Amino acid sequence: MGYTLSEIAAAVGGELFGDPEYTVSALGSLEHATAEQLSFLSNPKFSNLLGCSEAGAVLIRNVQDAEQVRNAIVVRNPYLAFAKVSALFASPGQGWGKVIHPSAVIHSDAKVGMNVTIAPNVSIGAHAEIADGCTIGAGTVIGEQVQIGEKTRLAANVTLYDGVRLGARCIVHSGAVIGADGFGFAPNDGVWVKIHQLGSVCIGEDVEIGANTTIDCGAIDDTIIGNGVKIDNLVQIAHNVVIGDNSAIAGCVGIAGSTVIGKNCTIAGGVGLAGHITLVDNVHITAMSLVTRSIDTPGSYSSGTALDSTQKWRKSAARLRRIESMAAHISKLEKQVNTLLTKG
Amino acid sequence: MGYTLSEIAAAVGGELFGDPEYTVSALGSLEHATAEQLSFLSNPKFSNLLGCSEAGAVLIRNVQDAEQVRNAIVVRNPYLAFAKVSALFASPGQGWGKVIHPSAVIHSDAKVGMNVTIAPNVSIGAHAEIADGCTIGAGTVIGEQVQIGEKTRLAANVTLYDGVRLGARCIVHSGAVIGADGFGFAPNDGVWVKIHQLGSVCIGEDVEIGANTTIDCGAIDDTIIGNGVKIDNLVQIAHNVVIGDNSAIAGCVGIAGSTVIGKNCTIAGGVGLAGHITLVDNVHITAMSLVTRSIDTPGSYSSGTALDSTQKWRKSAARLRRIESMAAHISKLEKQVNTLLTKG
Amino acid sequence: MGYTLSEIAAAVGGELFGDPEYTVSALGSLEHATAEQLSFLSNPKFSNLLGCSEAGAVLIRNVQDAEQVRNAIVVRNPYLAFAKVSALFASPGQGWGKVIHPSAVIHSDAKVGMNVTIAPNVSIGAHAEIADGCTIGAGTVIGEQVQIGEKTRLAANVTLYDGVRLGARCIVHSGAVIGADGFGFAPNDGVWVKIHQLGSVCIGEDVEIGANTTIDCGAIDDTIIGNGVKIDNLVQIAHNVVIGDNSAIAGCVGIAGSTVIGKNCTIAGGVGLAGHITLVDNVHITAMSLVTRSIDTPGSYSSGTALDSTQKWRKSAARLRRIESMAAHISKLEKQVNTLLTKG
């Protein structure tokens, strides 16, 4: 498999400086790429690396850099161009063929569209509907009445509970669990009484869901994930959360029940969001912050403390526990100094 | 499916204000419920919403509020009543029938009780014992010598390692892994020597375990989860942890080895508990706190810092690293001021 | 199953004080061990427990302690000796026999070595190569072109994506997902364009990977896990991370993309590591710390705050948000006091 540079330039809408018939057969990082590989420079800070690169061709932004490399394709946004090119070189596995493996168990009341690939040991429940062009990985379990849009790909060992709806062109990675019961219990004399979770999960189009991520069904209404949302691995999304279009959630994030996240938000790794709060559009939360209140102004927000040596950190942490006392000392000093100044 | 209001009132022990033959066919939130749906008002702060609700009937606490809605059922605890009613409307999937699917692989030495539903592609090991009325979801793997009590439900793609014991009426959600090896290694000249984990996991009755949660087996003795414990998604419970009856653990919590949690504790989302510590009964830990010492007094505990704009947070975090220096400045000032005051 | 004390002493290279023909049939903790069980004392602080133990024999360090117990085996490192003995008592399940279960689906182009055990409902893709002596648990999915070294054990419901390579003698626990797509997208007019992840995951020898842990494939180059690395449950390892030999990663850790961890590091539970940073060898990070910068000096590092009652914590956290103002007050006081001192 390979592409000529003229094909690549056409695919990304770029201007080629070099040999249009030169062929690249894979992608490579600037440092490791060989003469058969295409690379890219997105951060102009690293343009000094260009001269040392063995890459057969490089996607770059500045025309001046073109002469430093074997062949160059100049584009406005090299990182975006690289994303587009990556699709050309992605090779979906074809080992089981474009077929439904005979070991898959498909309920007679389920509907499976055209050109659907179903790997071994899949289970598909009654009244499930799988649109054309979908791919279902081995061991994946699809519950009753699940609806899956066109060209959506479920990796191996995914679980979709009954009634979950997924839009077109989604990607769900292995181990993801969508539609498990929300965590709802009414306390009664020291014992928890289960609130049966009667809602479901509704996921838009072009959504990607990471490995071992969990998205719970709603208690009454549905949990809702907007179009173009990207969710990384090991993320927990509780019942009745709503996530706006094109927001991105990094790994290990936990979002508690009924919280609403706006559009185009980015939530960095390990962040926790309390329940029943609302974040407007274009909010960014930095890694491992805890958000316990609604945010009504776009911008970047943080909590936590900076890293230190454990020895120094122990002292700071102990001192921080006495910060109220420090403040009281300052107040007392201020009064004393004011007295002295007045006297003077 | 539907229930008359007289049936609902009887089920929750409430007093009906309205038409006993009125039928509701589903539950709805106060804001979105239609005339065919039953809703509830648990927080009296929101009683002003009652007048606007289209709900066919509402579970309420105060008799005075009855006239604001189409039909009312007055109960002491509307949230608890709602939990009870939710069970009436829950519909366990029936697509595979009350049978053992022929694709399930059940070892000839395993014992399966009466009225057990086993979905496709399940695997059940030798000497496993599954009591009457259990439901086993598709793709679930049950190891050797596992014991499962009556009416326990395992969702799809659950994994129970050899020897795990689960009490009656438990619910285990998809992707949960119970009984994997605890994380135990002895260091030896820069290399880790595995301590084989020989204990198991013993889980009480009426326990719920969330999706993709992991509970490790004990090193020698067992890991123990008490009766009525509720565990949310993506929780990590290490080897030899003991959790007391009716404690609740929210999503993304991590509990390190040999830690003991009392009864009726609540651990909020993202909390970390160090190993080898003990929490007494009725301890509450707020979200994303780190607990590094035992807690011997009931109450609520926290760590962490409050959210701020990233710009302001950067300054505070940098300043906090110098808090020891601030304290030294205050001490010096106090001495100087005392000198001045003495002189004066 | 049982071993005489002379066999045990030989296995651990220890000196026996007691009856060489005495037989132990299991391991037990010092507190709970019976006369049929072998125990150990690794921390000399607890030597007072020896006199009360019912254990049939105890692995100890100090000869003087030998007379306090029924039988003693004296070794230099009792914890290490215990690790070695634990291997003798570990019983790998044998319920499905040393065979390939007929329900397993193995592609005709896959290569499976000698003495490989494959449990029910496993799926193995085209051109996968599984070396001699491996064990594959039920429901596990092995992608195309995966390579697995000798005697590696995959538990049930593991997922290995296409192209993943695992060395010899690894252990992978249930629910682990290795090789899912890294989280890479190029922003374009408010929409995320997927960067197809073309690298894979390369894992060394003697690596253990915990339940529901996720290790993503690289974007271009591979994600690399060194020899002897031990990874606990629910850990997220992003694309192009490199982990040096014999480092240990505890539960719930998240490591962002392209970060490099040295050899013999220990990362405690719940820690977060930012992307594109480097930790040298022998770095230790304490629980739930966030590391946002490279660390070039071995040692222990921390962030976060100490636990307090929620009531007191609320005040400290609010005060901390005003720490800049506190510092300003101190500066002002210093100037005023200097003025007073000068005057005086």
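For clarity, every value in this text was computed on a predicted model and none was experimentally measured.

K.L.:
Can you lay out the pairing of strand E21 (residues 185-188) of chain C for me, pointing to particular residues and giving the numbers?
P.N.:
Regular strands show a simple pattern: their side chains alternate between the two faces of the sheet. All names here are of chain C. Two strands pair when backbone bridges link them, and E21 and strand E22 (residues 191-194) are joined in this way by four bridges, in the antiparallel orientation. Paired with Asn188 across the bridge in E22 is Val191. Here E21 folds back onto E22, and the loop between the two strands holds two residues, one of which, Asp189, carries a positive phi near 55°.

K.L.:
Before we move on, could you go through the interface of chain B and chain A and cite the residues and values that matter?
P.N.:
Facing the 70 residues of chain B at the interface are 77 residues of chain A. Summing both partners gives a buried area of about 5900 Å² for chain B against chain A, and 65% of it is carried by carbon and sulfur. Looking at the side of chain B facing chain A, the largest losses of area belong to Met288, Leu307 and Arg321 of chain B, adding up to 12% of the total buried there. Our count for the contact surface shared by chain B and chain A stands at three salt bridges. Among the salt bridges present, the one from Arg319 of chain A reaches Glu324 of chain B, with a minimum N-O distance of 2.5 Å. The tally of links from chain B across to chain A stands at 25 residue pairs in polar contact (both at pLDDT 80 or more). Here the element with the most residues in the side of chain B that touches chain A is helix H4 (residues 323-343) of chain B; it accounts for 10 residues. Across the side of chain B that touches chain A, the residue classes tally to 37 nonpolar, 26 polar and seven charged. One ladder, built from two bridges, connects strand E38 (residues 299-302) of chain A with strand E39 (residues 308-309) of chain B; its direction is antiparallel.

K.L.:
Can you lay out empty space enclosed by the protein for me, pointing to particular residues and giving the numbers?
P.N.:
As enumerated under the stated definition, the model contains 10 cavities of 30 Å³ or more in all. Looking at the largest cavity, it is lined by 16 residues, and the ones nearest its centre are Asn157 and Gly175 of chain A, Asn157 of chain B together with Asn157 and Gly175 of chain C. Partitioned by chemical class, the residues of the lining of the largest cavity number four nonpolar, 12 polar and no charged.

K.L.:
A description of helix H4 (residues 323-343) of chain A should follow, citing residues and the corresponding values.
P.N.:
Residues three or four positions apart in an α-helix share a direction because the helix packs 3.6 residues into each turn. Look at H4 of chain A: 30 Å from first C-alpha to last across 21 residues, which is about the 30 Å you get at 1.5 Å a residue. Buried within H4 of chain A are the following residues: Ile323, Met326, Ala327, Ile330, Leu333, Gln336, Val337 and Leu340 of chain A. Those residues of H4 of chain A hidden inside the fold are in contact with helix H3 (310-320) of chain A, H4 of chain B together with helix H3 (310-320) and helix H4 (323-343) of chain C.

K.L.:
Lay out the interface of chain A and chain C with the relevant residues and their values.
P.N.:
The interface is formed by 69 residues belonging to chain A together with 78 residues belonging to chain C. Summed over both sides, the interface of chain A with chain C buries roughly 5800 Å², with 65% coming from carbon and sulfur. Three residues, Met288, Leu307 and Arg321 of chain A, lead the burial of chain A against chain C; their summed loss comes to 12% of the area buried on that side. Summed over the shared surface of chain A and chain C, the result is three salt bridges.

K.L.:
Explain the sheet that holds strand E35 (residues 278-279) of chain A to me, and be specific about the residues and the numbers.
P.N.:
Residues and elements named next belong to chain A. Ordered by their spatial adjacency, nine strands build an open sheet running E9-E12-E15-E18-E23-E26-E29-E32-E35, and the pairing between neighbours is parallel. Every other strand in the sheet has two partners, leaving strand E9 (111-112) and E35 as the edge strands with one partner each. Two strands pair when backbone bridges link them, and strand E18 (residues 165-166) and strand E23 (residues 201-203) are joined in this way by two bridges, in the parallel orientation. Bridge pairing in E23 places Leu166 opposite Ile203.

K.L.:
Summarise the relation of the copies chain B and chain A; cite the residues concerned and give the values.
P.N.:
Note on the chain copies: they are related by a rotation about an axis and a translation along it. For these two chains of identical sequence, chain B goes onto chain A by a turn of 120° and a shift of 0.0 Å along the axis, with RMSD 0.1 Å. As the rotation angle and translation indicate, the two copies are arranged about a three-fold axis. Considering only C-alpha atoms, the part of chain B nearest the rotation axis is Gly304 of chain B, at 3.5 Å.

K.L.:
Tell me about helix H1 (residues 5-12) of chain C, and please be specific about residues and values.
P.N.:
All names here are of chain C. Here H1 has its buried residues at Leu5, Ile8, Ala9 and Val12. End-on, the buried residues of H1 take up no more than an arc of 100°, which puts them together on one face. Where H1 ends, the next residue or the one after it, Gly13, has phi of about 65°, a positive value.

K.L.:
Can you lay out the domain arrangement of chain A for me, pointing to particular residues and giving the numbers?
P.N.:
Under the domain assignment, chain A is made up of domain 1 (3-89), domain 2 (105-301) and domain 3 (310-343). Placing the centre of domain 1 of chain A and that of domain 2 of chain A at their C-alpha centroids yields a distance of 36 Å.

K.L.:
Which residues make up the pattern of salt bridges, and what values go with them?
P.N.:
Residues and elements named next belong to chain B. Inspection of the entire model under this criterion finds 27 salt bridges over all chains. Residue Arg165 pairs with Asp222 through a salt bridge whose shortest N-O separation is 2.3 Å. In this pair, Arg165 is assigned in strand E18 (residues 165-166) and Asp222 in the loop between strand E25 (214-216) and strand E26 (223-225), connecting sequence segments 57 residues apart. For Arg165, a relative accessible area of 28% corresponds to the partly exposed category. For Asp222, a relative accessible area of 23% gives the class partly exposed.

K.L.:
Got a sec to walk through the packing of helix H1 (residues 5-12) of chain A against helix H2 (residues 78-89) of chain A? Specific residues and values, please.
P.N.:
All names here are of chain A. With their axes 9 Å apart at the nearest point, H1 and H2 run at an angle of 125° to one another. Classified by the angle their axes make, H1 and H2 are oblique. For H1 against H2, the interelement crossing comes out right-handed. For the pair H1 and H2, contact is made by Ile8, Ala11 and Val12 and by Ala81, Lys84, Val85, Leu88 and Phe89, respectively. In terms of residue class, the contact of H1 with H2 is made up of seven nonpolar, no polar and one charged.

K.L.:
Can you tell me about the UniProt feature "active site" (unreviewed entry) in chain A, naming the residues and giving the values?
P.N.:
All names here are of chain A. Using the residue numbers shown here, the UniProt feature "active site" (unreviewed entry) corresponds to His239. Exposure remark for His239: the relative accessible area of 15% places this residue in the buried category. Residue contacts for His239: discarding those within four places in its chain leaves Gly182, Phe183, Gly184, Gln197, Asp216, Cys217, Gly218, Ala219, Thr223, Gly257 and Ser258.

K.L.:
An account of the sheet that holds strand E7 (residues 72-74) of chain B is needed here, citing residue identities and associated values.
P.N.:
Think of a sheet as strands paired side by side through backbone hydrogen bonds, with each pair either parallel or antiparallel. Residues and elements named next belong to chain B. The strand order across the open sheet formed by five strands is E2-E7-E6-E5-E4, and the pairing between neighbours is mixed. Each edge of the open sheet carries a strand with a single partner, namely strand E2 (15-17) and strand E4 (26-27). The pairing of strand E5 (residues 37-40) with strand E6 (residues 57-60) spans three bridges and is classified as parallel. Its bridge partner lying in E6, Ser39 is registered against Val58.

What counts and how
- Residues numbered from 1 in each chain as written.
- Chains lettered and ligands numbered in written order.
- Predicted model: local features only at pLDDT ≥ 70, side-chain atom pairs only at ≥ 80, totals over all residues.
- Heavy atoms only, no water.
- Pairing = 2+ DSSP bridges.
- Helix = DSSP H or I, 4+ residues; strand = E, 2+ residues; numbered from the N terminus.
- Contact = heavy atoms within 4.5 Å.
- Buried area = accessible area lost by both parts, 1.4 Å probe.
- Salt bridge = Lys/Arg side-chain N within 4 Å of Asp/Glu carboxyl O.
- Polar contact = N/O pair within 3.5 Å; in protein donor to acceptor, adjacent residues only side chain to side chain.
- Nonpolar A, V, L, I, M, F, W, Y, C, P; charged D, E, K, R; others polar.
- 1 Å grid on protein atoms, 1.4 Å probe; cavity = no way out; pocket = protein on both sides within 12 Å on 5 of 7 lines; lining within 4 Å.
- Points joined across faces, edges and corners; volume = space filled by probe spheres on them.
- Expected span 1.5 Å × (residues − 1).
- Buried < 20%, exposed > 50% of the residue type's maximum accessible area, 1.4 Å probe, protein only.
- Least-squares fit on C-alpha atoms with pLDDT ≥ 70 in both.
- Arc of directions from axis to C-beta.
- Domains from an automatic or database assignment.
- Axes fitted to C-alpha atoms, helices over the stretch in contact; angles between N-to-C directions.
- Parallel < 35°, antiparallel > 145°, perpendicular 65-115°, else oblique.
- Left-handed = near helix turned anticlockwise from the far one by under 90°.
- UniProt positions renumbered as here; feature names shortened; annotations may be inferred.

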